[in-house]
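As a plain string of letters, each chain reads:
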Amino acid sequence: MYVSKYEQLFMFAATFALAPLAACSSGGSDPSGKGSVQIIVVPEETVPAGLEPGDGDENVKDGWRITYERFLVTIGDLKASRTDGGDRLDDPTVYVLDLKNAPQSGYVVKSFADVAATRWDRFGFSLPNAKPGAKALAPTTDADASFMARGGYSVYFEGAATKGPDTIRFKWGFAAGTSFSECATSEGTPGFAVPTGGTVQVKPTIHGDHWFFTNVTAGAEITERRAEWIKTCDKDQDKELTLAELKACDAATALPQKPGGPYELAGIEDQDGDGKISVYDYVLSQAKTLGDFQGDGECPTRAPAP
Amino acid sequence: MSARTLRSALVALALVSGAARAGAQPPDASTRPPAVRTRVEPSLPDGPRPAGRVELAVLVEASGEVSEVSVVASAGADIDRAVVDAVRKWVFEPATRDGQPVRSRIRVPFVIAARTAVPLAPPVSPTRQAARPPLAAKAPVPAQKRPAPPASPADAKADADVAPDEERESGGEPQVEEVEVAGVARKPSRAASDFRLDTSILGAAPRANAGDMLASAPGVYVAKPEGDAVAHRIYLRGFDADHGQDVELRVSGIPLNQSSHVHGQGYADLGIIVPEVVRRLRVVEGVYDPRQGDFAVAGSAEFDLGVEERGLLLKYGRGSFATDRFLAIWAPRGQAAETFGAVSVRSTDGFGPGLRGGLSGATNVQYKLRLGRAEHLLLHAAAYGARANVAGVLRRDDVSAGKVDFYSAYADPSARAQSAAASRVQVGVSFERRLAEQARVEAAVWFAQSDFRSRLNYTGYTQRSRIEPAWVGRGDLIEQSNADTTFGARASYRSPRPRILGLLRGQLEVGSEAKTSGIDQAQNLLRAPQNETWDQRVDAAARVTDIGVFADGLLSYKRLARLRGGLRADALFFDVDDRLGNFIPSFQKKTHIVGFRRTAAGVAWGPRATLELEPTRWLLGTVSYGEGFRSPQARQLEEGEQAPFAKVKSYEAGVTVNDEGLASGSVAVYETRLSYDLAFDPQEGRLERIGPTTRRGVVGVLRGKPTPFLDGMLSATFVDATLDSPPPPTPENPTPPYVSGQSLPYVPPLVLRQDVALHGRVFSLFDKDVTGRLGWGTTFLSPRPLPYGQSSAAVFLVDALASVRRDVVELSLEATNLLDTRWAQTELAYVSNWDPTGVPSRLPSRHLTAGPPRALLLSLTLHL
Amino acid sequence: MKPPPRPHMLSRVSALLAAALAFGACVTSSQAEVSYPAYARPILARTLLAQNGWTVSVSRADVAFGPLYLCAAQSGSATLCETAVGEILRVQRVDALAGEQPLGAVRGLEGPIRSAGYDMGITWFDTQTSATPAAAAPDGHSVVVEGVATRGADTVPFRLVVDAVPQFQGQRAVPTTKASGVVTSGDARLDVTFDVTRWLASVDFDEALARPERPAVLDATSTAHATMLVAIKALAPPKLTWGP
């Protein structure tokens, strides 16, 4: 255990030299490393696989089967920041994505490198109305992007509802531009954490079934899926439900509320300003709620995104 | 102005400027040898006898009685026997350290004259003792033989845990009297707020458990709102440390804080400590010592166990609310104070109408094994178990409206189904070897296993099932379970203390501490009275490993200045099996198998430094700085996340004035900044993250011991604790009830504490002295801020005890809350619904947990 | 023996503690509690024009309102507004043919209000096993309108009742609606405007005409009920405004 005086001197010098050095450091809670962030847009399973009829909570209760043949969304304006600092991550780029044909692991729309390895507790994104210049990420085609920009859509989908012998097709695009912010996981943990020397995968998740809900969910999704209104609103019974038919379809009869029916229309505003509440108003309201986070996490602060 | 007048003036100045303290280096840190109070002359054999010399080794107990006598130098068997018989009847004023009677071993030489025996140099009388210079007034050396001054007074002060053996070898004129006072090394002070509480203060007021002892430390308030089986809530100098999240707690060197406990990060149950075997409590308020590890955010507290009065102690008490307590302590004579066995059992119906009944028991066993002259092993084992019913919270508006009695509980089935149970077993072995030139090697290993289960309802009927969202209104009876198995080890080496560059002395200690915990935890919602599970919130296992290293250096310049400090770094590794991770909501398509396993790691490090300036023996200035950390709750980490430690920075400056042992005072100002804080979330029954916080305050302590029979301590702590920025809104909490700059909820800005102990001989009865003890502790808490602009009422409490003892029999009466104050242990503000038939309010409302009313405990103790 | 501590030291300690005590009473907090009145401001013409050419004369129009919960969050749904910043817990019957009338006192906290959720006399709290009308609900309904509908020669006395029933247990009848106000003191007042005229204007009384009984009863099974409910909840919901 003998330590020479020279060794002791070295130890003292090392200790007291390190102490002020450490005092000047930022300390252990602050980011001392760097990592990467991948923003990956993931479609909810209902987009590629559709919805099944059945009695389960996840099924369409009134017997309709929903399939999508095309499902495009506009997404962009990615933002992340930290409550404890002024750092920001921004990408104003707007992308058009074909969610029906999305890669199995989703679309990597953006990667940020050299990001402080700590928790970024504020994250948000937008599903804006498409404008010319929106980028198409493969396998999304440029034609898809142009199509969305021409219509100014934030979401467009084509598909069919089938029940027994009835198959009713739909092709709808909506300018339902909405920003989603203060995103948190389903556990309530805000934002995301960047690992040191690693990559965090942040997943804005796009849902594809909200227009079949029986209410506009906020917070916990306590709802049912129903699609009978598709047949109710197909007034001309041509098996093609158009937006015009949706606008003419009275919500009071197509979407009956309690005590006579399952729906809840509170909060559905007159979206198209025609002085009536139609099913179009309902579907458009739902089209403004598609953005979730890390699966079923919520982004509770929503605002119009033109 | 004389030096003494100046000293007195400075003590007064310290008091006026902020308060006073009896803190880090009180004058009674000195050691005093025993002094003879009653002497019996030896009755030597008749007849002629040669002159000679007898030298006895005498063991004087803390009570002043002689327990062992052995002959070191003989003058013949008959003479030896006569002298030994006489000395066995001697009664001493016991030796003291830090003002506290301790066991001591002395040598008493006798010169045998031709016809009589005369002590050559008997131990000094108390009067003589007071008249002469204090034998070791400035040398808090744990064991001291030959009271020759150490190499320099500065060294003695700065290096309080120096081995005595080396000093004895260092020379000094041989003394006739030789005194060895048993005890443990005193660790050097790290700040003006490095407080050492001895049994005199700890024993002044009744302590139902070891956690209550913390209340005597300045700025500390402890409560037990969740019943006897749930750990204390600790509030320390502006921190709501909950059940230990911000206070590192150790007993005999073994950490008690549990990582990632489901009921609260850093959960630590002090129930495992039998309070009667605590001989010293060190509370460091702040983070200044490189040995302070995880959870040392507000500070740390270490319980040192030992029994000074040897023999067998049996105590039985019976008191209010059908409380029974049995205590047995066996401290075999001839063994070190650290060697003992203790067991306590307590059962009670609890206050209120049969709502708080509980049974608890603990055992502490230690054995100090000397391996050689400079080595020893300390074996430690402790176990604890408790179960208690819990009355739970009450809405203050319901109490005011007479809907429920203050000391009762809601009649609701869910409210009446609350309970908790806990157990813990721990064993440890520590080794210490003292080397030449004050060097030292220490090592320890320990193991602990603990279990916790609670059923607590804070909110009544507000929750909705996450598994089955249609289920609602079945009662928010939160069931939590946590099982933890932890292994730990530590080792350190302290270098010799050479001179450097002539005037300076230096020393370095390096050490490492590691522990690994396997944790299994769950949280569910139960429906009473069916005991049906109606939601699952947590189902997880985790392994948390903490590897800490530290370097701690000392540079001292004579006795004038000392700089201590160094670095500590902890690497933490987390492996989480979150069995409810990637949860699939009921209304979502099943696309995967529920579960999420992840790992994370991180390093927390920071410097700690203390500068002490001591221009005179009675004035000490201290400046301290340190950075500490709290590890994150494992389950809240994401894959690969750099563990987000809560980092604290502590600053403190203080002045301590000693008035030659009569009184000491100190005042210190401090600031602590915490990178993120946690607050209790009643909806989840656990801690949730809030924003960064800052605390600024002043603490003052006065310790006075004007006579041998009076000891007192008074402290005042004021803190301004504020939230620097609110947390971001989340879906579950979109409107955090905190705004920037607001007072931190739940912590009292002002805490006053007074402990007073009186003890001494009362009268004689049948040739035996009857001694008495009288003591009390008072606590004042200013109104505590609550969320939403509310605040709780101020609290003033008095606990007191009185006892009389004759020989082996002692009768004592303890009273807690003597004034029968109706007070709330904790007050919280949040939303609840305890009226299933009414219109539920969703405004935050004040909730309280009733503090115990006056309780008496009459005990009979046998000291055998 | 050493002398006891000097008395002046103790007295100075006492002075210190007293000062600290006074200092300790000063704590900073926010979001003070407030209480301010709320008023119902019904809009209802005694004679109005409904769908399909019907003219309606109203003789009775009672609306149940409450309990009301005000939220700082953007959504007032039960799962996103666990803690309210204001509330009226009682159910108040509003006579829509009368003028401004008190709704009771709002108890709450200072601060911004961004959404609200409320019931209209029929509640389904967490602890209620089914939707239940409050005692104050007019005839056990959310809305009761009585009057006469006239179109040319057709005159139909009618009784129209509306039940605003929460969709599921633990939910409000109107889970969330936009609201915008900032309450800075107890001097505030809340006005709740009920546009009953617009509600009735959405009804087609052909259905009443077809009913055999007189007065024709338009209850929860009627189209008029569904139409009124959409008008009450989505088209022209009660409007909350804050003023001095």
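Reading the values: rules and limits
- Residues numbered from 1 in each chain as written.
- Chains lettered and ligands numbered in written order.
- Predicted model: local features only at pLDDT ≥ 70, side-chain atom pairs only at ≥ 80, totals over all residues.
- Heavy atoms only, no water.
- Helix = DSSP H or I, 4+ residues; strand = E, 2+ residues; numbered from the N terminus.
- Contact = heavy atoms within 4.5 Å.
- Areas by Shrake-Rupley, 256 points an atom, 1.4 Å probe, with all protein chains shown as cover.
- Buried < 20%, exposed > 50% of the residue type's maximum accessible area, 1.4 Å probe, protein only.
- Pairing = 2+ DSSP bridges.
- Expected span 1.5 Å × (residues − 1).
- Phe/Tyr/Trp six-rings, centres within 6.5 Å; stacked < 30°, edge-to-face > 60°.
- Axes fitted to C-alpha atoms, helices over the stretch in contact; angles between N-to-C directions.
- Polar contact = N/O pair within 3.5 Å; in protein donor to acceptor, adjacent residues only side chain to side chain.
- Disulfide = S-S within 2.5 Å.
- Salt bridge = Lys/Arg side-chain N within 4 Å of Asp/Glu carboxyl O.
- pLDDT = per-residue confidence, 0-100.
- Core = buried A, V, L, I, M, F, W, Y, C linked by side-chain atoms within 4.5 Å.
- Patch = residues over 30% accessible without salt bridge, like charges linked within 9 Å, V, L, I, M, F, W, Y side chains within 5 Å.

## Focus on the overall build of chain A
- Each helix and strand counted, chain A has seven helices and 16 strands in total.
- Taking the intrachain contacts of chain A between residues at least 6 apart in sequence as the baseline, contacts between residues at least 24 apart amount to 71%.
- Within the structure as shown, chain A displays about 11600 Å² of accessible surface, and the carbon and sulfur contribution to it stands at 52%.

## Quick word on the overall build of chain C
- Looking only at helices and strands, chain C features four helices and 16 strands.
- Burial analysis of chain C (244 residues in total) assigns 56% to the buried set.
- Here the analysis covers contacts within chain C between residues at least 6 apart in sequence; of these, 76% occur between residues at least 24 apart.
- Looking at chain C as shown, the accessible area adds up to about 9300 Å², and 56% of this sits on carbon and sulfur atoms.

## A look at the sheet that holds strand S44 (residues 824-830) of chain B
Residue and element names in this part refer to chain B.
- Spatially, S24-S45-S44 is the arrangement adopted by the three strands of the open sheet, whose pairing is antiparallel. For this open sheet the edge positions go to strand S24 (394-395) and S44, each flanked by a neighbour on one side alone.
- Relative to strand S45 (residues 845-850), S24 is paired through two bridges, and the arrangement is antiparallel. Along S45, the bridge assignment pairs arginine 395 with histidine 847.

## Here's the deal with helix H2 (residues 77-88) of chain B
All names here are of chain B.
- For H2, spanning twelve residues, the distance from its first C-alpha to its last is 16 Å, which sits close to the expected 16 Å at 1.5 Å a residue.
- Taken together, the buried positions of H2 are occupied by Ile79, Asp80, Ala82, Val83, Val84, Ala86 and Val87.
- Elements in contact with the buried residues of H2: strand S3 (52-60), strand S4 (66-73) and strand S8 (104-112).

## Remarks on the packing of aromatic side chains
- Applying the stated criterion across every chain yields a total of 37 aromatic pairs over all chains.
- Ring centres 5.5 Å apart and planes at 25 degrees place the aromatic pair phenylalanine 125 of chain A and phenylalanine 180 of chain A in the stacked group. Here phenylalanine 125 of chain A, found in strand S6 (residues 122-127), pairs with phenylalanine 180 of chain A, found in strand S10 (residues 178-181); they are 55 residues apart in sequence, far enough to count as distant.
- Since its relative accessible area comes to 1%, phenylalanine 125 of chain A is described here as buried.
- Taking 4.9 Å as the distance between ring centres and 45 degrees as the angle between the ring planes, the aromatic pair formed by phenylalanine 447 of chain B and phenylalanine 487 of chain B counts as tilted. One end of the pair, phenylalanine 447 of chain B, is in strand S26 (residues 440-456); the other, phenylalanine 487 of chain B, is in strand S27 (residues 477-494), and 40 residues separate them in sequence.
- For phenylalanine 447 of chain B, a relative accessible area of 24% translates into the label partly exposed.
- Feature note: the residues Tyr68, Phe71, Phe157, Phe170, Trp172, Phe174, Trp211, Phe212, Trp229 and Tyr280 of chain A constitute an aromatic cluster, connected by ring pairs.

## Considerations on the sheet that holds strand S13 (residues 174-183) of chain C
All names here are of chain C.
- Read across the sheet, eight strands follow the order S13-S8-S4-S5-S7-S1-S14-S16 without closing on themselves; strand pairing throughout is mixed. One side of each edge strand has no neighbouring strand; the edge strands of this open sheet are S13 and strand S16 (239-243). Between one strand axis and the next, the sheet turns by 25 degrees as a mean value, whatever way the strands run.
- In the sheet, strand S8 (residues 111-118) pairs with S13 via six bridges, with the strands oriented antiparallel. The residue of S13 that forms the bridge with glycine 111 is valine 183.

## Topic: the environment of aspartate 91 of chain A
Residue and element names in this part refer to chain A.
- Checked against the element boundaries, aspartate 91 lands in strand S3 (residues 88-98).
- Counting along the chain gives 21 residues from aspartate 91 to phenylalanine 112, while the straight-line C-alpha distance between them is 9.4 Å.
- Those residues in contact with aspartate 91, other than ones at most four positions away along the chain, are Gly76, Asp77, Leu78, Lys110 and Phe112.
- Engagement of the side chain of aspartate 91 in a polar contact is seen with the side chain of tyrosine 95, the distance being 3.1 Å.

## Some points on the environment of glycine 760 of chain B
Residues and elements named next belong to chain B.
- Mapped onto the elements of the fold, glycine 760 is located in strand S40 (residues 750-765).
- Accessibility expressed as a relative area gives 27% for glycine 760, which makes it partly exposed.
- Counting along the chain gives ten residues from glycine 760 to valine 770, while the straight-line C-alpha distance between them is 8.6 Å.
- Those residues within four positions of glycine 760 in sequence are excluded, and the remaining contacts are Val770, Thr771 and Gly772.

## Digging into unusual backbone geometry
- Each neighbour pair has its own omega, and for lysine 258 of chain A with proline 259 of chain A the value is 5 degrees, a cis peptide bond.
- Of note, proline 259 of chain A is situated in the loop between helix H6 (251-254) and helix H7 (279-287).
- Put simply, arginine 214 of chain C and proline 215 of chain C share a cis peptide bond, and its omega is -5 degrees.

## Focus on the state of the cysteines
All names here are of chain A.
- By the definition in use, this model includes two disulfides over all chains.
- A sulfur-sulfur distance of 2.0 Å marks the disulfide that ties cysteine 233 to cysteine 249. For the disulfide bridge between cysteine 233 and cysteine 249, the dihedral angle about the S-S bond is near -70 degrees, and by the sign convention the bridge is left-handed. Taken together, the residues span a long stretch of sequence, with cysteine 233 in helix H4 (residues 228-233) and cysteine 249 in the loop between helix H5 (243-248) and H6 at a distance of 16 residues.
- Overall, the relative accessible area of 0% leaves cysteine 233 in the buried class.

## Remarks on the pattern of salt bridges
All names here are of chain B.
- A complete count under the given rule lists 87 salt bridges over all chains for this structure.
- One salt bridge in this structure joins glutamate 285 and arginine 237, with 3.8 Å as the shortest N-O distance. Of the two residues, glutamate 285 is situated in strand S17 (residues 278-285) and arginine 237 in the loop between strand S13 (233-236) and strand S14 (239-240); the sequence distance between them amounts to 48 residues.
- With its nearest N and O atoms 3.8 Å apart, the salt bridge here joins aspartate 807 to lysine 768. Of this pair, aspartate 807 sits in the loop between strand S42 (795-806) and strand S43 (809-816) while lysine 768 sits in strand S41 (residues 768-781), placing them 39 residues apart in sequence.
- By relative accessible area, which is 29% here, aspartate 807 ends up partly exposed.
- Among the ionic contacts, a cluster of salt bridges with common partners joins Arg190, Asp194, Arg196, Arg282, Asp289, Arg291, Arg440, Glu442, Glu509 and Asp552.

## Looking at the confidence of the model for chain C
All names here are of chain C.
- Of all residues in chain C, 85% have pLDDT values of 70 or greater, and the mean over the chain is 85.
- No element of chain C has a lower mean pLDDT than helix H1 (residues 7-24), at 34, and none a higher one than strand S6 (residues 92-95), at 97.
- Scored below 50 in pLDDT, residues 1-29 shows 47 contacts in the model against residues more than four places distant or in partner chains.

## So, the nonpolar core
- Of all hydrophobic cores here, the largest spans 134 residues; its most connected members are Trp229 of chain A together with Trp199 of chain C.
- If you tally residues by element for this core, the top one is helix H4 (residues 223-235) of chain C, at nine residues.
- Excluding residues within four positions of it along the chain, tryptophan 199 of chain C makes contact with Val63, Met120, Val143, Phe194, Met228, Ala231, Ile232, Ala236 and Pro238 of chain C.
- Judged by nonpolar contacts, the second largest core, of 104 residues, contains Val297, Leu305, Ala415 and Ala850 of chain B.

## Points about a nonpolar patch on the surface
- A contiguous nonpolar patch, built from Leu312, Trp330, Val804, Val809, Leu811, Leu813, Leu856, Leu858, Leu860, Leu862 and Leu864 of chain B and spanning about 920 Å² of accessible area, is present on the exposed surface.
- The topology assignment puts leucine 312 of chain B in strand S19 (residues 311-319).

## Observations concerning the pairing of strand S4 (residues 68-71) of chain C
Residues and elements named next belong to chain C.
- Residues of S4 alternate between two faces, with Leu68 and Leu70 on one and Tyr69 and Cys71 on the opposite face, all of them buried.
- Sheet analysis places S4 next to strand S5 (residues 86-88), joined by three bridges and oriented antiparallel. From the neighbouring strand, tyrosine 69 faces S5, where its bridge partner is glutamate 87.
- Where S4 lies against S8, four bridges are found, and the strand directions are antiparallel. By the bridge assignment, tyrosine 69 is partnered in S8 with glycine 117.

## Quick word on the side chain of serine 360 of chain B
- Position of serine 360 of chain B among the secondary structure elements: in strand S22 (residues 358-370).
- Aside from chain neighbours lying at most four places away, what touches serine 360 of chain B is Ser344, Val345, Arg346, Gly385 and Ala386 of chain B.

## Structural notes on the confidence of the model for chain A
- Looking at chain A, pLDDT values average 86 and 88% of them are 70 or higher.
- Here residues 6-31 of chain A is modelled with pLDDT under 50, and outside its nearest four sequence neighbours on either side it reaches 50 contacts, counting other chains as well.

## Notes on the side chain of glutamine 167 of chain C
- On the secondary structure map, glutamine 167 of chain C appears in the loop between strand S12 (154-162) and S13.
- The buried category is assigned to glutamine 167 of chain C, whose relative accessible area is 9%.

## Re H4 of chain C
- Burial of H4 of chain C is extensive: twelve of the 13 residues sit out of reach of the surface.
- For H4 of chain C, the set of buried residues is Ala224, His225, Ala226, Thr227, Met228, Leu229, Val230, Ala231, Ile232, Lys233, Ala234 and Leu235 of chain C.

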